[in-house]
Amino acid sequence: MATMTMIKALNAGLRRILDEDDKALIMGEDVGRLGGVFRVTDALQKDFGVERVIDTPLSESGIIGTAIGLALRGYRPICEIQFDGFVYPAFDQLVSQLAKIPNRSGGRVRLPVVVRIPYGGGIGAIEHHSESPEAYFAHTAGLKVVTCSDPSDAYWMIQQAAASEDPVIFFEPKRRYHAKAEVDMTEAPLGLYDSRIARTGTTATLISYGPTVDVALNAAEAAAEEGLDLEVVDLRSLAPIDWEPLEASLRKTGRAIVVHEAQGTLGMGSELAARLSERCFYSLEAPVLRVTGYDVPYPASRLEEDYLPNLDRVLDAVDRSLEY
Amino acid sequence: MATMTMIKALNAGLRRILDEDDKALIMGEDVGRLGGVFRVTDALQKDFGVERVIDTPLSESGIIGTAIGLALRGYRPICEIQFDGFVYPAFDQLVSQLAKIPNRSGGRVRLPVVVRIPYGGGIGAIEHHSESPEAYFAHTAGLKVVTCSDPSDAYWMIQQAAASEDPVIFFEPKRRYHAKAEVDMTEAPLGLYDSRIARTGTTATLISYGPTVDVALNAAEAAAEEGLDLEVVDLRSLAPIDWEPLEASLRKTGRAIVVHEAQGTLGMGSELAARLSERCFYSLEAPVLRVTGYDVPYPASRLEEDYLPNLDRVLDAVDRSLEY
Amino acid sequence: MGSVDRPRPAKKTAKSRRKSTSANEPEFVQLLTPEGQRRSHPDYDVNFTDEEYRGLYRDLVITRELDAQGTALQRQGQLGLWPSLLGQEAAQIGSGRAIKPQDTVFPAYRELGVQWCRGLDIISAFSLFRGVDLGGRDVAADRFQMYEIVIASQTLHAAGYAMGVAKDGAVGGDDGEAVIVYHGDGATAEGDFNEALIWAGVFNAPLVFFCQNNQYAISEPNARQFRVPPYKRAGGFGMPGTLVDGNDVLATYAVTEVALTRARTGEGPSLIEAFTYRMQPHTTSDDATRYRDEAELDYWRAKDPILRYRTWLEAETLADADYFAAIDAEAAAEVRELRQRVMDLPDPDVTEMFDAVYADPPAPLLAERAEAVAFRDSLDEGSES
Amino acid sequence: MGSVDRPRPAKKTAKSRRKSTSANEPEFVQLLTPEGQRRSHPDYDVNFTDEEYRGLYRDLVITRELDAQGTALQRQGQLGLWPSLLGQEAAQIGSGRAIKPQDTVFPAYRELGVQWCRGLDIISAFSLFRGVDLGGRDVAADRFQMYEIVIASQTLHAAGYAMGVAKDGAVGGDDGEAVIVYHGDGATAEGDFNEALIWAGVFNAPLVFFCQNNQYAISEPNARQFRVPPYKRAGGFGMPGTLVDGNDVLATYAVTEVALTRARTGEGPSLIEAFTYRMQPHTTSDDATRYRDEAELDYWRAKDPILRYRTWLEAETLADADYFAAIDAEAAAEVRELRQRVMDLPDPDVTEMFDAVYADPPAPLLAERAEAVAFRDSLDEGSES
Ligand SMILES: Cc1ncc(C[n+]2csc(CCOP(=O)(O)OP(=O)(O)O)c2C)c(N)n1
Ligand SMILES: Cc1ncc(C[n+]2csc(CCOP(=O)(O)OP(=O)(O)O)c2C)c(N)n1
Ligand SMILES: [Mg+2]
Ligand SMILES: [Mg+2]
């Protein structure tokens, strides 16, 4: 067991990937000498050289497009997109190429490419640095989409993503980058696509992922003081979604509240609510509620506290759910 | 009243826009001499000149990016993206710029840009020519997203979209391009963001838009023979969604089935199901069901009939709904 | 709007506004005139055996016939679409024959001739445009990637692949590997193409950009895509750019050979612009009469790549009437076989849309697959009963 | 990896691999050496009144001080971030002063000096980086667009805007309108930038691309963004490209003036590469010690744009100690006022995140707004009780 931040955990995970697989590459803007703007790739270029840890041109479509070419050549690139808001220039290469080439090939080609994206708000950043674009990718057939909420998952999931033969979009909640926790470095606790019951409870189920798992856990703790026993599920995988444990939780509690930062309309919460409402129709005592970012562009940083789901908004939704 | 195809209706609508507003421009690949690959802009360059109907470089990011610049200069560009699958290179300009600049400006800048996108499958096309990317845009705050299902809506909605001060993504169901119907050219029957009850009924509500409204209507007709009285709602506007009539319909029928071509996961159906399940919780006799494309890349054309929602799949869902 | 100089000696277009670029336009590299005369060039030459000279003719003719069959099959409803290469045979065969077995090709969607030169089964082009699959093949073994529909996106894949070749240490000698990517004139306006130039330049990738400038992107002429021709862009990205007569199979061979050698020996990327003409509409769906006239077609008919090559072969007595007849017969046989194979292509099973998406398909997708199969089966039952 | 030639006479980097490009690198345009000596240039000169010469000094100094205050305010927690222009003052003031009132500017995010030259209130830069708004201003009246964070995307907006200027018939004489877009060296690797070159070329847009090559894109040096410098790329897109000493306020003025005149008279687009150096880290969040050393900073300190200009003013006795003192005092006053205004900037109300998204806000959004307001109010009540 070691205690570390998510950044250190990711760095350790990447180091292990580079160590164990000669074909693994890291590429992105400023990932080399600078170690990435968040230092996730700190010292990796020094230790593995410029051929394995590649400072790329300022060209996101190029990063994904050449990563595809490198994968066609047998490499296993792990790309960094510097911030969530800068993934869009690469969108075509992501959705028309990375997601579709394996299928286009009839399964003869596999593209084991990982795309790391620091995402989400809460760090007081300027425009384009606090986006939550996960739904765009979860809607895209051919991609897998995962996100970690703590250092242990960060350490293990990045390695599992790198081992995947399918392309994986790997979302890192940047406002959790510096939070420390214990990491058991001997064995992965879960599979890459498994959800995790972060807290068991019986009154209602909070479903979240990435940056807001912590918000949900805090809300559950606050609710406990009021005698409410909330279950918290950390999705971890957004595509595919690990439906069975979710359905089981809902059948137990009869109530669910989804919490995420992204815009509500067509955010992950809509798929969760739609499917769970279908699958657990007779078990639901209240509709699946959503506590999400509003349907506006991410606001100026001095407004982000009003934008982001917080403990009060979650508890308010729990109350509303219980009123049914 | 005039009877015409959707292509002619769009052409007539665009012609009227160019006639009535000097600042309106048409721009896109092959929209000039060729009249667009679908002839929607047929003869417009001849009649309005190369300064108003602009054949652009093969550069989608450029089309949207320069349209933004032209709008900043006071023009009102109507851009054509040649096929659904070619909108992705423009994604950054669409979601980070077109959608966000007005808000960034504090409301001081408006970008009255229309982006026309022929979309959907069913025409036996090759890869990238049958996509249904509407959910990407409906998830993007700052955009409005609409789609027509018949010539009358095509004629009027394109004009309403061009009159909007907000950017509008205008989806045209290409497999309905050649279907003829009557168009009342004197007055718009509905507002741009209004849904339309395409058929009234009491047993269950079919919700659809664009290319599959016709599928839903056919299914309703077939069901009628079995004594089922289905209501069909044509959404018309995907962002914003016209919730009230939908909720009213569900309160009446207690059952809803959403039909669309796009992938199911995080498709429009998920938002519809999520929100309607929440708003009509006590009225629903069955969960909101979805009949959609599968969660795979759009397949080779010889498989598209298996991929697309069809009458049988819709009726099957109606049966399932009624079994609750 | 500016017009772009076309390297036509006869019918030069109005003076362009390119004041900034050098006043003396280099002529394109040409080793065989439209009249079938050999010309020499200070930097480029070819040295084939008689057999090889004849072989080029065979490639040109068979490619043309196979392509014509694509058009015919589409008209007969056997294909959904066909993008003809008619007129571009020399560009494809010349470059295609310069490619060595160890090299890797990234095509666009019109590269039937290049595929033929690689000695590959060309049926994949037809299964793609018939709509029975998406064009998948064993690209690793073929060293010829899948056809790419999204304009210019393959140029970045090629740049990445070529970076990988360099990383593998597979460049540096005559047996080094090179990569060649095919794209159109229209493609040069896309961001991806320009980013590919950047990456290839910065990483000194062993990559040849082969631009078939057939003068149109669907209906749009060159002047809508650039102000100066693509080969000139190369210099600004740090690589040589060469303009070649794309209807001259010898010249396209010669320049491609030099560029590939440069790549394989570690000297880095380069760009070739093969100036040619698309004699057919963009695809079978296109109506080219809307944007170009018979006079222009006539002008280009006179520059036909096969005619001039045959004239020269005859003049040099490298081939005789018997040889030509034999090639025609061989082409006819190829075409017959192709026709049959295309019509015999089985329709795909519904499961095929699910089975290749992921190496590790998730449970919800397997459930959808089961649903689709059950649904198909229920319809089959329905139709049987 | 290839290194890109830096136009440094003293310390030229290792021979690059740019065999394909002309062997004689043009020197950059320089009218004032780092030592403060005037030089003449065959094509470029300036002709200012004494007052105007002094004015440039005032601009340089005040811009530097306002910028330094940005850094200071960030350190004091008053701003979230600050991207300093230290070292780039001459590039911005020289070009900024060449812009006429009728022209329109598209900045990136570091163009405080250009904004200053336009006579605009620079508070919007500070409200943006304080996070109280997203940088909105009355851009139509200002003819200075909003700061743009997404690298290179503004180059396409500028191209479109300039197309509109041409469409309006607002070019063609000395009173014509021109457009200038600012971007960095890193931006030249983005697809959007290259597409903007295409569009500006094809549509002969009255546009000047002004590249401040400060030699870094965050940590990455020029060699990671291109194989040959940006000004050389211009030719391949059909426009002139000029390399200028970006630390020389007179030279940047002169070349920008020529390029803008070209644009406003209808001769079309051009590109200027101002070779300069970013003396501070990329932003206050950056740690530049990770990727560059003191020796490099020292080398560039000796090329300081203000120092050389002051030396020359003194030598020409265009300004004396009193003048310099007066400017320092004025700068100090500007800074004091700025500090106060920044700290007085009110925090936005929750409604501001909803009210500007649409001209015609849809009902569901108004409902969300009401919810957010009610929620805020309930918290206020809670905290009051
Ligand atoms: C990104 C993208 N945009 C638009 C299209 C539609 N389209 C298909 S081919 C074509 C023209 C291509 O021209 P060029 O690159 O010159 O190649 P050619 O067809 O002439 O060989 C266009 C616009 C596409 N396939 N991809
Ligand atoms: C599309 C995009 N990708 C990445 C970033 C992150 N980023 C911000 S500034 C910067 C470097 C820009 O370098 P350059 O263009 O040279 O401008 P400079 O900051 O040096 O003035 C990067 C990578 C961004 N803002 N936009
Ligand atoms: Mg072409
Ligand atoms: Mg820079």
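Calculation criteria
Residues numbered from 1 in each chain as written. Chains lettered and ligands numbered in written order. Predicted model: local features only at pLDDT ≥ 70, side-chain atom pairs only at ≥ 80, totals over all residues. Heavy atoms only, no water. Helix = DSSP H or I, 4+ residues; strand = E, 2+ residues; numbered from the N terminus. Rg over C-alpha atoms; globule rule 2.2 N^0.38 Å. Contact = heavy atoms within 4.5 Å. Areas by Shrake-Rupley, 256 points an atom, 1.4 Å probe, with all protein chains shown as cover. Lys, Arg positive; Asp, Glu negative; His and termini not counted. Charge placed at Lys NZ, Arg CZ, Asp CG, Glu CD. Near = heavy atom within 4 Å. Polar contact = N/O pair within 3.5 Å; in protein donor to acceptor, adjacent residues only side chain to side chain. Nonpolar A, V, L, I, M, F, W, Y, C, P; charged D, E, K, R; others polar. Buried < 20%, exposed > 50% of the residue type's maximum accessible area, 1.4 Å probe, protein only. Domains from an automatic or database assignment. Buried area = accessible area lost by both parts, 1.4 Å probe. Salt bridge = Lys/Arg side-chain N within 4 Å of Asp/Glu carboxyl O. Donors = N, O, S within 2.8 Å, 3.2 Å for Na, K, Ca; no water. Pairing = 2+ DSSP bridges. Axes fitted to C-alpha atoms, helices over the stretch in contact; angles between N-to-C directions.

This brings us to the overall build of chain C. Helices and strands together make up the secondary structure of chain C, namely 14 helices and seven strands. Whereas a compact globule of 385 residues would reach a radius of gyration of roughly 21 Å, chain C reaches 22 Å, a difference of no more than 12%. The long-range fraction of contacts in chain C, counting pairs at least 24 apart against all pairs at least 6 apart in sequence, stands at 73%. A total accessible area of about 13300 Å² is found for chain C, and carbon and sulfur atoms account for 49% of it. When the 40 positive and 61 negative side-chain charges of chain C are each reduced to one mean point, those points stand 9 Å apart.

Taken together, 20 residues sit near ligand 2, with Glu60 of chain A together with Tyr109, Arg110, Asp185 and Gly186 of chain D positioned nearest. Ligand 2 sits at a junction of chains, with neighbouring residues supplied by chains A and D. Within the side chain of Asp185 of chain D, an N or O atom sits 2.8 Å from an oxygen atom of ligand 2. Contact between ligand 2 and Tyr216 of chain D: an oxygen atom at 2.8 Å from a main-chain N or O atom of the residue. Within the complex, the protein chains bury 95% of what would otherwise be the 580 Å² of accessible surface of ligand 2. A breakdown of the residues in the shell around ligand 2 according to their chemical character gives 10 nonpolar, five polar and five charged.

The next point concerns the environment of Gly201 of chain B. Residues and elements named next belong to chain B. Structurally, Gly201 is set in the loop between β9 (196-199) and β10 (204-208). Look at Gly201 and you get buried, because its relative accessible area is 3%. For the pair Gly201 and Ser249, spaced 48 residues apart in sequence, the C-alpha separation works out to 8.9 Å. Not counting residues within four places of it along the chain, the set of residues in contact with Gly201 comprises Asp229, Leu230, Glu231, Lys252 and Thr253.

This part takes up the domain arrangement of chain A. Residue and element names in this part refer to chain A. By domain assignment, chain A separates into domain 1 (2-183) and domain 2 (196-323). Put simply, the middle of domain 1 and the middle of domain 2, counted by C-alpha atoms, are 26 Å apart. Each partner contributes to the interface: domain 1 provides 25 residues, whereas domain 2 provides 23 residues. Of the roughly 1900 Å² buried at the junction of domain 1 and domain 2 (both faces included), carbon and sulfur atoms supply 51%. At the junction of domain 1 and domain 2, the tally comes to four salt bridges. Between Asp150 and Arg196 there is a salt bridge, with the nearest N and O atoms lying 3.7 Å from each other. Linking domain 1 to domain 2 there are 13 residue pairs in polar contact (both at pLDDT 80 or more). Counted by class, the side of domain 1 that touches domain 2 contains 11 nonpolar, eight polar and six charged residues.

Tetrahedral coordination by four donors sets the ideal angle at the metal to 109.5 degrees; octahedral coordination by six donors sets it to 90 or 180 degrees. Residue and element names in this part refer to chain D. Protein-derived ligands of the magnesium ion (ligand 4) are Asp185 (OD), Asn214 (OD1) and Tyr216 (O), with the metal-ligand distances lying across 2.0 to 2.1 Å. Here the donor residues of the magnesium ion (ligand 4) share one chain and are spaced in sequence as D-x28-N-x1-Y. Of this pair, Asp185 sits in the loop between β2 (179-184) and α7 (191-202) while Tyr216 sits in strand β4 (residues 216-217), and the two are 31 residues apart along the sequence. Exposure class is identical for Asp185 and Tyr216. Each is buried.

Oppositely charged side chains can pair when the atoms bearing their charge come close. As enumerated under the stated definition, the model contains 104 salt bridges over all chains in all. Glu127 of chain B is the partner of Arg104 of chain A in a salt bridge, and the nearest nitrogen-oxygen pair spans 2.7 Å. Of this pair, Arg104 of chain A sits in helix α5 (residues 101-104) while Glu127 of chain B sits in the loop between β5 (114-119) and α6 (134-138), which puts the two residues in different chains. Arg341 of chain C is paired through a salt bridge with Asp121 of chain C; the nearest N and O atoms lie 2.7 Å apart. In this pair, Arg341 of chain C sits in helix α12 (residues 321-344) while Asp121 of chain C sits in the loop between α3 (112-117) and α4 (123-130), placing the two residues 220 residues apart along the sequence. Linked through salt bridges whose partners overlap, the residues forming this network are Lys23 and Arg73 of chain A together with Arg143, Asp168 and Glu177 of chain C.

Quick look at the side chain of Glu304 of chain A now. Residue and element names in this part refer to chain A. Along the polypeptide, Glu304 turns up in helix α11 (residues 304-307). Buried and unpaired, Glu304 has Arg175 as its nearest opposite-charge partner, separated by 7.5 Å. Here the side chain of Glu304 touches Ile123 through a polar contact of 3.5 Å, landing on its backbone nitrogen. A distance of 2.7 Å separates the side chain of Glu304 from the backbone nitrogen of Gly124, its partner in a polar contact.

Here we come to the sheet that holds strand β13 (residues 256-263) of chain A. Residues and elements named next belong to chain A. Here we have five strands laid out as an open sheet, ordered β9-β11-β10-β13-β14, and mixed in their pairing. Pairing within the sheet leaves two strands with one partner each, and these edge strands are β9 (196-199) and β14 (289-293). Across this sheet, the average inter-strand angle for adjacent strands is 25 degrees, counted without regard to direction. Relative to strand β11 (residues 230-234), β9 is paired through three bridges, and the arrangement is antiparallel.

Facing 47 residues of chain B, the contacting portion of chain A comprises 46 residues. Summed over both partners, the interface of chain B with chain A buries about 4100 Å², with 61% contributed by carbon and sulfur atoms. If you sort the residues of chain B by the area they bury against chain A, Tyr136, His139 and Leu266 of chain B come out on top, with a joint share of 19%. Viewed at the interface, chain A and chain B are joined by six salt bridges. One salt bridge in this structure joins Arg290 of chain A and Glu271 of chain B, with 3.0 Å as the shortest N-O distance. Our enumeration of links across chain B and chain A arrives at 17 residue pairs in polar contact (both at pLDDT 80 or more). Contributions of two or more residues to the side of chain B that touches chain A are made by α4 (91-98), α5 (101-104), α6, α10 (268-279) and β14 (289-293) of chain B. Class assignment of the residues belonging to the side of chain B that touches chain A gives a composition of 23 nonpolar, 12 polar and 12 charged.

As a measure of interface size, the accessible area lost when the parts come together is often cited. Contacts between the two partners involve 45 residues from chain A, matched on the other side by 40 residues from chain C. When the buried surface of chain A facing chain C is broken down by residue, Arg73, Asn103 and Arg104 of chain A rank first, second and third, together holding 22% of it. In this structure, the connection of chain A to chain C is made through six salt bridges. With its nearest N and O atoms 3.7 Å apart, the salt bridge here joins Lys23 of chain A to Asp168 of chain C. The greatest single-element share of the side of chain A that touches chain C, amounting to 10 residues, is contributed by helix α3 (residues 60-72) of chain A. Considering only residue class, the side of chain A that touches chain C consists of 18 nonpolar, 15 polar and 12 charged.

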